[in-house]
Amino acid sequence: MRVGASCKMHTMSATPFVVVTGGAGFIGSHTVDRLIERGCNVAVLDNFSTGKRENLSQWAGKESLEILTVDIGDGIFAALADLEERWGKVERIVHLAAQTSVVHSIENPLNDVRNNYTGTVQVLEYARRKAVCRVVFASSAAVYGDVDTFPVSEDATCTPLSPYGIDKLGSEYWLRYHTSVFGMDTQPLRFFNVYGPRQDPSSPYTGVISIFSDRAAAGKELRIFGDGEQTRDFVYVGDVSRAILLALFAEGGDGNAANVGTGAETSVNELAALINEFCGGKSSISHAEPRDGEILKSVADVSRARERFGFEAETKLPDGLKETVASLQA
Ligand SMILES: NC(=O)c1ccc[n+]([C@@H]2O[C@H](COP(=O)([O-])OP(=O)(O)OC[C@H]3O[C@@H](n4cnc5c(N)ncnc54)[C@H](O)[C@@H]3O)[C@@H](O)[C@H]2O)c1
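About the thresholds
Residues numbered from 1 in each chain as written. Predicted model: local features only at pLDDT ≥ 70, side-chain atom pairs only at ≥ 80, totals over all residues. Helix = DSSP H or I, 4+ residues; strand = E, 2+ residues; numbered from the N terminus. Rg over C-alpha atoms; globule rule 2.2 N^0.38 Å. Buried ≥ 20, exposed ≤ 12 C-beta atoms within 10 Å, placed from the backbone. Contact = placed C-beta atoms within 7 Å. Pairing = 2+ DSSP bridges. Axes fitted to C-alpha atoms, helices over the stretch in contact; angles between N-to-C directions. Expected span 1.5 Å × (residues − 1). Bend = angle between axes of the 7 residues up to and from the residue.

**Student:** Would you mind going over the overall build of the protein with me for this structure?
**Tutor:** Along its length, the protein carries eleven helices and 13 strands. Taking 2.2 N^0.38 as the reference for a compact globule, 330 residues should give roughly 20 Å; the C-alpha atoms of the protein span a radius of gyration of 20 Å, in line with that estimate. Projecting the C-alpha coordinates of the protein onto the three principal axes gives extents of approximately 60 × 45 × 35 Å. Across the 330 residues in the protein, those meeting the buried criterion constitute 45%. Within the protein, residue pairs in contact and separated by at least 24 positions form 81% of the contacts whose partners lie at least 6 positions apart.

**Student:** Sorry if this is basic, but what is going on with the sheet that holds strand E4 (residues 92-95) here?
**Tutor:** The strands making up a sheet associate through backbone hydrogen bonding, with each pair oriented either parallel or antiparallel. Taken in spatial order, the seven strands make up an open sheet running E3-E2-E1-E4-E5-E6-E11, and their pairing is parallel. In this open sheet, the two edge strands, each paired with only one partner strand, are strand E3 (65-69) and strand E11 (258-260). The sheet shows a mean angle of 20° between the axes of neighbouring strands, taken without regard to direction. Across four bridges, strand E1 (residues 17-21) lies against E4 in parallel orientation. In the strand pairing of E4, Val20 is matched with Val94. Helix H3 (residues 77-87) contacts E1, strand E2 (41-46) and E3 of the sheet and is inclined by roughly 175° relative to E2. On top of the sheet, helix H5 (residues 109-129) reaches E1, E4 and strand E5 (134-140); it is set at about 175° to E4, its chief contact.

**Student:** Would you mind showing me how to read H5 here?
**Tutor:** Note: α-helices contain 3.6 residues per turn, so residues at a spacing of three or four share the same orientation. Compared with the 30 Å implied by 1.5 Å per residue over 21 residues, the 29 Å span of H5 between its first and last C-alpha is a close match. Its maximal kink placed at Thr118, H5 deviates by approximately 30°. Asp112, Asn115, Asn116, Tyr117, Gly119, Thr120, Gln122, Val123, Leu124, Tyr126 and Ala127 are the residues of H5 that are buried. Elements that come into contact with the buried residues of H5 comprise E1, H3, E4, helix H4 (102-107), E5 and helix H6 (163-182). Looking one or two residues beyond H5, the residue adopting positive phi is Ala131, at roughly 50°.

Listed below in structure tokens is the structure:
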């Protein structure tokens, strides 16, 4: 069944019904903020494994937001049935729900498959059968593994080094399959290192920001593994949620992934110095043995997201970090 034609004919409604899986999480709650502000009816599907209700407490009593406790691994048809009666057809889906720890994915790969791979297929099965117009999916820079050409373009060979990266890449193939076989509009986004307010202090991606921030506030030493010249592309959550909405309300595309980063690389040494400065500059900085298997360089080629849906990261690292450090210390 090709659903593409009916999707293309479906004009955007004044109050689009948007489903956000993982909407109570870090990136999800910022995305919900933007969707509500835009006037959408939003259903959050979350199992609250890492998400928190307080991330959405600013919208308490808002009639255009429904928060449903759902495990996407079990499917999402039943959960949405009542809302479909009230709000009509789901127009678009932002699929962010996932087990996000690379370490946990290595320790318990079956759990990763259930949440991150089967969960994606469950969401896509709903989208296909209900002729949802567009699905945007949170993939990850983890699909690349260790690459040697920078900035990393989407055309680089992907050799993921963890079940987490494998399940994200496998999910991307499922989106592309739905685009090429059923004509569905899909857009996988490969997020780089997202940081900002509401990030979980134990986040596997940005833990270093929380750890440095905690220690710098207490004037304790900041310990860097290796020489500190390893780099990452840190992208502010306000930019990421903006990229998600741009991708969600764009049309067309071939189902191929687009990077979401800044295109700028920051060394861990630079990061430590900035955080220390924002916390009063009381900490000394030391170096320890490098960690086995740590990727030494990561920076996104951001041209595809710019060309395809006009996304450009705007928040400068010092500004975003100031906000983040303040929120972690609040
Ligand atoms: N934060 C980053 O730097 C980063 C980088 C690359 C990709 N990503 C991806 O972005 C998405 C959002 O990540 P985040 O940083 O906001 O993490 P998060 O842990 O804050 O958000 C994930 C949300 O999904 C929910 N969830 C997990 N498993 C679920 C399930 N089976 N059913 C329903 N809900 C479930 C959690 O409760 C949580 O609310 C994830 O898919 C993650 O893999 C994040």
